[in-house]
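# Chains, contacts and geometry: an overview
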Amino acid sequence: MSYKGDVFIVVGVLLIILSFILGYGMYTSLHQAQITQQTPQINGNNITNSFNQFASSLSYSINGPIYYTIEIILLFLFASIGYKIADLGIRLNSIPIINIKSNISDEKDKKTSK
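All values derive from a computational prediction rather than experimental measurement.

We now examine the overall build of the protein. Across its full length, the protein carries 3 helices and 0 strands. Going from the N terminus to the C terminus, the protein shows its helices and strands as α-α-α. Of all intrachain contacts in the protein linking residues separated by at least 6 positions in sequence, the fraction that spans at least 24 positions is 82%. With the model as given, the accessible surface of the protein reaches about 9,500 Å², and the carbon-plus-sulfur share is 67%.

In this section: the layout of surface pockets. Estimates place the volume of the largest pocket at around 160 Å³. In this structure, the largest pocket is lined by I16, S19, F20, G23, I72, L75, F76 and A79. Counted by class, the lining of the largest pocket contains 6 nonpolar, 2 polar and no charged residues.

Pairs can form between side chains of opposite charge once their charged atoms are near each other. If you walk through the whole model with that rule in mind, you get 1 salt bridge. With a shortest N-O distance of 3.1 Å, R91 and D87 are connected by a salt bridge. Of this pair, R91 and D87 both sit in helix α2 (residues 47-94), 4 residues apart, which is roughly one turn of the helix. Assessed through its relative accessible area of 53%, R91 is described here as exposed.

Moving on, we come to a nonpolar patch on the surface. Together, I66, I70, L74, L77, F78 and I81 line one region of the surface with nonpolar side chains, adding up to about 510 Å² of accessible area. Note on placement: L74 falls in helix α2.

Right, let's talk about the side chain of S19 for a bit. Inspection of the secondary structure assignment puts S19 in helix α1 (residues 3-36). By relative accessible area, S19 is classed as buried at 6%. A polar contact is formed between the side chain of S19 and the backbone oxygen of I16, at a distance of 2.7 Å. For S19, the contacting residues outside a window of four places in its chain are L75, F78 and A79.

Confidence in the prediction of the protein, expressed as mean pLDDT, is 75, and 54% of residues score 70 or more. The least confident element of the protein is helix α3 (residues 100-113), whose mean pLDDT is 60; the most confident is α1, at 82.

With that settled, the discussion passes to the environment of S94. Within the secondary structure, S94 sits in helix α2. Classification of S94 by relative accessible area gives exposed; the value is 57%. C-alpha of S94 to C-alpha of S2: the two residues are 92 residues apart in sequence and 9.2 Å apart in space. Among the polar contacts listed, one links the side chain of S94 to the backbone oxygen of R91, at a separation of 2.9 Å.

Rules used throughout
In this convention, every chain numbers its residues from 1, walking through the sequence in written order. Only residues with pLDDT of at least 70 get local features here, since the model is predicted, and only at 80 or more are side-chain atom pairs given and counted; chain-wide, interface and lining totals rely on the full set of residues. Excluding hydrogens and water, the side-chain figures rest on all heavy atoms present in the structure. By the criteria applied, helices consist of DSSP H or I runs no shorter than four residues and strands consist of E runs no shorter than two, each listed in order from the N terminus. Contact between two residues is taken to exist if any of their heavy atoms lie within 4.5 Å; hydrogens are not considered. The method behind every accessible area is Shrake-Rupley, applied with a 1.4 Å probe, and residues are considered shielded solely by the protein chains displayed. Here a cavity is any set of points on a 1 Å grid over the protein atoms alone where a 1.4 Å probe fits but cannot get out, and a pocket is any open set with protein on both sides within 12 Å along at least 5 of 7 lines; a residue lines the site when it has an atom within 4 Å of a point. Grid points are joined across faces, edges and corners, and a volume is the space filled by probe spheres set on the points. Residue type decides the class: Asp, Glu, Lys and Arg count as charged, Ala, Val, Leu, Ile, Met, Phe, Trp, Tyr, Cys and Pro as nonpolar, and the leftover types, Gly among them, as polar. We define a salt bridge as a contact between a side-chain nitrogen of Lys or Arg and a carboxyl oxygen of Asp or Glu at a distance within 4 Å. For every residue, the accessible area (1.4 Å probe, protein chains only) is compared with the maximum for its type, and the residue is labelled buried under 20%, exposed over 50%, or partly exposed between those bounds. Each patch is assembled from residues with relative accessible area greater than 30% and no salt bridge, linking like charges that lie within 9 Å and nonpolar side chains (Val, Leu, Ile, Met, Phe, Trp, Tyr) that lie within 5 Å. Polar contacts, as counted here, are pairs of nitrogen or oxygen atoms within 3.5 Å of one another; within protein the pair requires one atom able to donate a hydrogen and one able to accept it, and residues that are adjacent in sequence qualify only if both atoms are side-chain atoms. Scored between 0 and 100, pLDDT is the confidence that the predictor attaches to each residue.

In structure tokens:
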């Protein structure tokens, strides 16, 4: 086993765990926002004030789902990068370590025995 492979495995697993923690945090904040969110009341003195309140509430209702969608895509990206790094570490550890000095001495022995 090589130290590089072990480091890649640890870094990959940490990235996966970090993405799970961030995803859970996003889930709890979204769940809390749904509980506390109420329908905004438009109480304007004139049509301009009412329209401004309506536009701000509409922009929040549109930007919220877009923001969460981008955040979910980034979490999947972090998790997939962590998986690839951990997979690279596993592949590095599965490669047998070849002792170069013993191979060179074996080749010299073969040449001298001929």
